[in-house]
Amino acid sequence: MSSARPHFSAREPVRGSRPGLGLAVCLAALVLAGCQGRGGPGDITGSIGRSQASQPRTASDWQADRETWAKRYDANPKDRDAAFYYARALRSLDQNAQALAVLQSAVLAHQDDRELLGAYGRALADNGRFQEADEVLSRAHSPERPDWRILSAQGTVADQLGDHARAQQIYQSALKLAPNEPTIMSNYGLSLALSRNLPEAERILAEAAASDRADARVRQNLVLVLGLQGRFGEAETLARRDQSLAEAAATIAYLKRSVSQQNSWEMLKAGKGRAQAPARQPAVQGAQGAGARPATAPPA
């Protein structure tokens, strides 16, 4: 999780990072929802669009991916797939401004490509351009063919804009399309936490964490909500599932200090932690979103 922003499913963190450290970074801003995943809040986090047959899982994998697609992109900047996958690799390495530039050019050349629009919307969110992201994501799918991954990304952007009621309506719509999807539920729970509805946030996050498809980020979000309610013992027990004893203790100690500060809720709004939606399987050729991106969700 780079810049301060909720871990919304628009993104997915670079694989290989330790869940414990990821949570510590989130808590440094007093977080919420894919330290997901790369892919942006969006988490943002998970990613929208096609994915390759197997997703890179380490920073070195993403770097290799970046080099491979950079060569193809340099040879032909109008190559749709080269732009898409090159930007995804850039996002996974937190090179957000460069990813945005690549996608901005790509959508001009492929104006009717909704997968590219989805990736572009997430990249806008990655760069803090939330109003633009909201508008672009609304065009990345249609009412007659809604995409729950896009809806989840839209929800994280609405949360970033402070419109939590709208965000929660969007997550509910996404859950009608993908019932019990843990990445959506994780972002929904974080949105409820931002609305200070901690009991309901805990209920939703506990359901998400119980899924066999939930990853460490979902549990980290539940740790945060338990801590915000002062239930540090339960939070530490859960944190130990993904952290060493020392890391879990340090996480809870930091959380205790953070929630005691008068501005903890403002810090929470500035935090990161959205989960990312898993990327769609490719139709022919081979995105987690934190968030999204967090699939976790690979960046779009």
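See the structure shown above.
No experiment lies behind these values; they were computed from the predicted model shown.

1. Examining the overall build of the chain
Within the chain, the regular secondary structure consists of 14 helices and zero strands. Going from the N terminus to the C terminus, the chain shows its helices and strands as α-α-α-α-α-α-α-α-α-α-α-α-α-α. Counting every position in the chain, which comprises 300 residues, the buried fraction comes to 62%. Working note: accessible area of the chain is about 11,400 Å², and carbon and sulfur atoms make up 50% of it.

2. Topic: the packing of helix 6 (residues 130-138) against helix 7 (residues 148-160)
Viewed as axis vectors pointing N to C, helix 6 and helix 7 meet at an angle of 155 degrees, and their least axial separation amounts to 9 Å. In terms of axis orientation, helix 6 runs roughly antiparallel to helix 7. Along this stretch, helix 6 crosses helix 7, giving a crossing that reads as left-handed. Residues F130, A133, D134, L137 and S138 of helix 6 touch helix 7, and the partners they reach there are I150, A153, Q154, V157 and Q160. Within the contact of helix 6 with helix 7, the residues separate by chemical class into six nonpolar, three polar and one charged.

3. Quick look at the packing of helix 11 (residues 216-228) against helix 12 (residues 232-239)
Any two packed helices are characterised by how steeply their axes cross, that is the angle between the axes, and by the distance between the axes. Where helix 11 contacts helix 12, the axes come no closer than 8 Å and their chain directions differ by 165 degrees. In this view, helix 11 runs roughly antiparallel relative to helix 12, as classed from their interaxial angle. Relative to helix 12, helix 11 is oriented so that their crossing is left-handed. Contacts from R219, L222, V223, L226 and G227 in helix 11 reach F232, E234, A235, L238 and A239 in helix 12. Within the contact of helix 11 with helix 12, the residues separate by chemical class into seven nonpolar, one polar and two charged.

4. Quick word on helix 9 (residues 182-194)
Taking 1.5 Å per residue as the helical rise, helix 9 with its 13 residues ought to reach 18 Å, and the 18 Å between its terminal C-alpha atoms agrees with that figure. Among the 13 residues that make up helix 9, 13 are buried, leaving the element largely enclosed by the rest of the structure. Of the residues trailing helix 9, R196 is marked for its positive phi of about 65 degrees.

5. A few points about the nonpolar core
Counting 35 residues, the largest nonpolar core has I184, Y188, L222, V223 and V225 as its most contacted members. At the level of elements, helix 7, helix 8 (164-177), helix 9, helix 10 (198-209), helix 11, helix 12 and helix 13 (245-259) are the ones that each hand at least two residues to this core. No other element matches the seven residues that helix 11 contributes to this core. Listed in part, the 31 residues of the second largest apolar core include Y73, V102, A133 and V136.

6. Section: the packing of aromatic side chains
Tallied over the full model, the rule gives four aromatic pairs. Each ring, one from Y171 and one from Y188, has its centre 6.1 Å from the other, and the planes form 45 degrees; the classification is tilted. One end of the pair, Y171, is in helix 8; the other, Y188, is in helix 9, and 17 residues separate them in sequence. Y171 gets classed as buried once you look at its relative accessible area, which sits at 0%. Taken together, the aromatic side chains of W69, F84 and Y85 make up a single cluster linked through ring pairs. The aromatic ring of F84 is capped on one face by R80, whose charged end is 4.8 Å from the ring centroid.

7. Some words on unusual backbone geometry
Its identity is not glycine, yet N180 carries a phi of approximately 65 degrees, on the positive side. Of note, N180 is situated in the loop between helix 8 and helix 9. Although it is not a glycine, R196 adopts a positive phi angle of roughly 65 degrees. Judged by its relative accessible area of 52%, R196 falls in the exposed class.

Cut-offs used in this document
- Residues numbered from 1 in each chain as written.
- Predicted model: local features only at pLDDT ≥ 70, side-chain atom pairs only at ≥ 80, totals over all residues.
- Heavy atoms only, no water.
- Helix = DSSP H or I, 4+ residues; strand = E, 2+ residues; numbered from the N terminus.
- Buried < 20%, exposed > 50% of the residue type's maximum accessible area, 1.4 Å probe, protein only.
- Areas by Shrake-Rupley, 256 points an atom, 1.4 Å probe, with all protein chains shown as cover.
- Axes fitted to C-alpha atoms, helices over the stretch in contact; angles between N-to-C directions.
- Parallel < 35°, antiparallel > 145°, perpendicular 65-115°, else oblique.
- Left-handed = near helix turned anticlockwise from the far one by under 90°.
- Contact = heavy atoms within 4.5 Å.
- Nonpolar A, V, L, I, M, F, W, Y, C, P; charged D, E, K, R; others polar.
- Expected span 1.5 Å × (residues − 1).
- Core = buried A, V, L, I, M, F, W, Y, C linked by side-chain atoms within 4.5 Å.
- Phe/Tyr/Trp six-rings, centres within 6.5 Å; stacked < 30°, edge-to-face > 60°.
- Lys NZ or Arg CZ within 6 Å of the ring centre and 35° of its normal.

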